[in-house]
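Fold and contact review
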Amino acid sequence: MSVLTASPNQPPPLIAPLMPSLSRSSPSSPHPRSRKSSLAPPPPIPNERTSLKSKAQLLRDYRTRHGRPQVSESVLLRDALYLLQGISGKIVRFADQKGDGELTVVFSEDPRHNLPAPIRALILRLSELGHLYMRVSKWVRDHDGRPGVGMIEQLTEYYRLIAVLESQMSQSSATETDDSRVTGLRDEESGLTLRRLEVWVDDWRLRMRMMSVCVEGCQDTTGGALVSLIYGYTDNGDPFVRVFTDQLLEEVSKPFFQILQKWLFAGELHDPYSEFFVAENPELAHIQYTYAYSNANAGALTGDGGFAGAEEDERNDPDEIRNNGLKLWEDKYTFRNEMLPSFVGEVFGKKASLGLQAMQFGFSKSETDLLYREKFELYSVQLSRFGLGGDEESVGSHRTSDLPGLVRSIDSAYQIASQRLLDIFLDKFKLMDHFRALKSYLLLGRGDFADQLMDSLLTSLSRPANTLYRHNLTATLEAAVRASNARFDPPDVLRRLDARMLEYSHGEIGWDVFTLEYKVDAPIDTVIDPEGMEKYLKIFHHLWKMKRVEGALSASWNRIACGARSFLGPTIKGVRRRSSAHSDVLEQLEGEWHQIRIVLSEMIHFMRQLQAFCQLEVIECSWKELMDFVNKKEGDLDGLIQAHRNYLDRMVKKILLMSPKLGKEEHLLIHLRELFNNILQFRDAAETLYNYCLAEAARADSERDQDRGVFTMPETDQLSASHKSADYLPRILRRVKEYSGLFSERAQSIVHALQVHQDLDCRFLSVRLNFSDFYKTRKELKAALEASKGP
């Protein structure tokens, strides 16, 4: 509103229509005076600053005379300050007219409180800030006490602004008098007005808009997700918005960096509201990283743990204790990608999530950790530049603009902790000794031990399973260890080795239920977990069965090739000489024995190529890959666990000839086991034929002795009585021919299945088995024959 004032150097203007007359005389004689009036003192000269009124004052006087007084600006200022705090005033208030929770600004309907349109528009603009404030403050109250709320600092500054405005209004709220122009001019020149109030809060209107946008976007968002949301608004071209969001991000991210500091350097996870990107499993929170080792008794197992009594220890020890290392490493702390701030990246988050685990596994208070602690503290000093130093007061001085440097420093500190953890597993807990023991015993890598154990258990395992006792098996295992180079292994390794029987059913023999066991406890079970031990046992059963079949074929070959000379006679220069026990029956079987030796050699070739493939192409190559990773000493414990799992998965896939086709994973393995049973059946049939030939040779010798008058034992007739049946020999020959034919068919199907296998190593196995195209089908042979004849 403009104010009409006069300059002090000019005469005051005359406003005739509004000025009262000074005398009752007519206008024709403007200055008639009587004697009495001439003697009276002259009237006072009006002051130009007190006599003149502004248009606004004149307008107020007019409205007052007509019963429509104008609302005082001090009252409107008071209501405006109330609106800025979300409080309804006397004339202007917030109301929920529709009942849907949306507040609207309502003006008083009292005719005495008449507000012009410009004033109403000005108050509406001011009320927007109050509405935004109520939305932000409500969100803060709903999240009261949570460390992730960083807007409290901004609201504190807003409260400070309100306090300053109230003090300004109090200083300029002197009583206004309608006839005092001096006071009116002073208020309009230096006091707080509605327009000045709008100018003062203009920046805060934009701030509140930004805070309201953040509040709307993070209704169900806390912690690291909230930090990511606010960080997304920092990439803005408006300098004011960018500066404000940077400040807000600094405040909101303080709790995140405080938790991160305690996580990395104090080994604590203080996250009562589940806002960090690492979560603790409450079921495992009470379990600590304790080892079954001690410095004075390094390498000793808890309990008995020897060749006997290990099964009782397993029954007494709960699974939670036996698998302590694996459960704590994989399940105690979990990585929450949704709570990871977007400016640090997933790789950094995973490394930081493993920081405490690496420290708890790797750092102790012993002298051996002093060097690593000194290196770790060096990087701790570097991290203090980013607000991640030792004290909590320094947290918050971090700079999100230098996040690459923060990531590099934390990565360096993590590398030290991870390197220390690997050194502890490899040096203190002798992880490599356990790897070698599993390879030597469960993967039959130590040949002298496997042969000795096989020979010792050959008779026992051929009996029914219900006639075996575990103490006998453990005694045999201990004897095999002492008779081989395995006796030079560390005592801790030998204590973990044990022999046991699986659950058996009716009709099973010892070969079906016997197994070796290698006992692993915490923290070694972090790497060699129970799932990995199941894979080791699965491979052992397969290799043990192959070892049994190969041993049976070798023994049968030695017996047949050498023992057949006693009844077939020796071969000299390609000519078979008759033996002393010659008979017509044995002479007729010479061709059958030749065919048996061919089939035996074919079986031996098949089994030895299969064993060579498993040991040389699969186990040794996989072992080399594992050793390359260990020798590099790079990566972390998760990398070591994954390398060991890849090592096992590769062996299981290739040794067991697993197929990638869904539902047919063990198709080749089933055929291979049927082939093993077929080989054992052929061996039994050949042994039966061999015993028949021995009996026939003994009968021939007895007849010759009688012809020469040599005394013959009466049991000779009884020995040959079981072979007098006419169909006894044909039955044996039919069995031999049947089993040899089945072997050829199954071997041929296995070779052809391997030729189209998706794994290249399995295809190479088919080349080794069929290097001379021996297992070609009849169709292929016929096609090759027709192709050789030509047109």
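Residues numbered from 1 in each chain as written. Predicted model: local features only at pLDDT ≥ 70, side-chain atom pairs only at ≥ 80, totals over all residues. Heavy atoms only, no water.

Locating Glu 687 in the fold gives a position in helix 30 (residues 667-708). Judged by relative accessible area, Glu 687 falls into the buried class, the value being 13%. Apart from the residues within four sequence positions on either side, Glu 687 is in contact with Ser 556 and Arg 559. (Helix = DSSP H or I, 4+ residues; strand = E, 2+ residues; numbered from the N terminus. Buried < 20%, exposed > 50% of the residue type's maximum accessible area, 1.4 Å probe, protein only. Contact = heavy atoms within 4.5 Å.)

Okay, the side chain of Asn 678 next. Position of Asn 678 relative to the elements: it lies in helix 30. Relative accessible area serves as the criterion here: at 0%, Asn 678 is assigned to the buried category. From its side chain, Asn 678 meets the backbone oxygen of Tyr 739 in a polar contact 3.4 Å long. Beyond its immediate sequence surroundings of up to four residues, Asn 678 is in contact with Tyr 739, Leu 742, Phe 743 and Arg 746. (Polar contact = N/O pair within 3.5 Å; in protein donor to acceptor, adjacent residues only side chain to side chain.)

The full count for this structure, using the stated rule, is 26 salt bridges. One network of salt bridges, with partners in common, ties together Arg 650, Lys 653, Lys 654, Asp 759 and Asp 761. (Salt bridge = Lys/Arg side-chain N within 4 Å of Asp/Glu carboxyl O.)

Quick look at the packing of helix 28 (residues 590-632) against helix 33 (residues 760-769) now. The contact between helix 28 and helix 33 brings their axes to 10 Å, and the two run at 150°. Here helix 28 runs over helix 33; the crossing is right-handed. Here His 605, Phe 606, Gln 609, Leu 610, Ala 612, Phe 613 and Glu 617 of helix 28 come into contact with helix 33, specifically with Asp 761, Cys 762, Phe 764, Leu 765, Arg 768 and Leu 769. Looking at the contact of helix 28 with helix 33, its residues break down into eight nonpolar, two polar and three charged. (Axes fitted to C-alpha atoms, helices over the stretch in contact; angles between N-to-C directions. Left-handed = near helix turned anticlockwise from the far one by under 90°. Nonpolar A, V, L, I, M, F, W, Y, C, P; charged D, E, K, R; others polar.)

Counting 109 residues, the largest nonpolar core has Phe 449, Phe 514, Trp 544 and Phe 606 as its most contacted members. With 17 residues, the single largest contributor to this core is helix 28. Once residues lying within four places of it in the same chain are set aside, the contact partners of Trp 544 are Leu 444, Leu 453, Met 454, Leu 457, Leu 461, Trp 511 and Phe 514. (Core = buried A, V, L, I, M, F, W, Y, C linked by side-chain atoms within 4.5 Å.)

Let us now look at the packing of aromatic side chains. Tallying each qualifying case throughout the model produces 13 aromatic pairs. Taking 6.3 Å as the distance between ring centres and 90° as the angle between the ring planes, the aromatic pair formed by Trp 593 and Tyr 690 counts as edge-to-face. A residue pair is termed long-range when its members are at least 10 positions apart, and Trp 593 in helix 28 and Tyr 690 in helix 30 qualify at 97 residues. For Trp 593, a relative accessible area of 0% corresponds to the buried category. Here the aromatic rings of Phe 774 and Tyr 775 are separated by 5.1 Å at their centres, their planes lie at 85°, and the arrangement is edge-to-face. (Phe/Tyr/Trp six-rings, centres within 6.5 Å; stacked < 30°, edge-to-face > 60°.)

Moving on: helix 29 (residues 637-655). Across its 19 residues, helix 29 extends 27 Å between first and last C-alpha, which sits within 8% of the 27 Å expected from 1.5 Å per residue. Where helix 29 ends, the next residue or the one after it, Leu 657, has phi of about 55°, a positive value. (Expected span 1.5 Å × (residues − 1).)

Right, let's get into the confidence of the model for the protein. Taken residue by residue, the protein gives an average pLDDT of 75. The fraction at 70 or more is 68%. Here residues 1-41 is a poorly scored stretch, pLDDT under 50, and it has 21 contacts once near neighbours within four places are set aside; other chains count. Per-residue pLDDT stays below 50 along residues 45-50; that stretch engages in 10 contacts with residues further than four places along the chain or on separate chains. (pLDDT = per-residue confidence, 0-100.)

Another point: helix 32 (residues 728-755). Counted at 1.5 Å a residue, the expected span for helix 32 with its 28 residues is 40 Å, and the 41 Å between its end C-alpha atoms agrees. Burial in helix 32 covers these residues: Leu 729, Ile 732, Val 736, Tyr 739, Ser 740, Phe 743, Ala 747, Ile 750, Val 751 and Leu 754.

Another point: a nonpolar patch on the surface. Judged by side-chain polarity, Val 164, Val 199 and Trp 200 come together as a nonpolar surface patch covering roughly 280 Å² of accessible area. For Val 164, the position within the fold is in helix 6 (residues 152-171). Classification of Val 164 as partly exposed rests on a relative accessible area of 34%. (Patch = residues over 30% accessible without salt bridge, like charges linked within 9 Å, V, L, I, M, F, W, Y side chains within 5 Å. Areas by Shrake-Rupley, 256 points an atom, 1.4 Å probe, with all protein chains shown as cover.)

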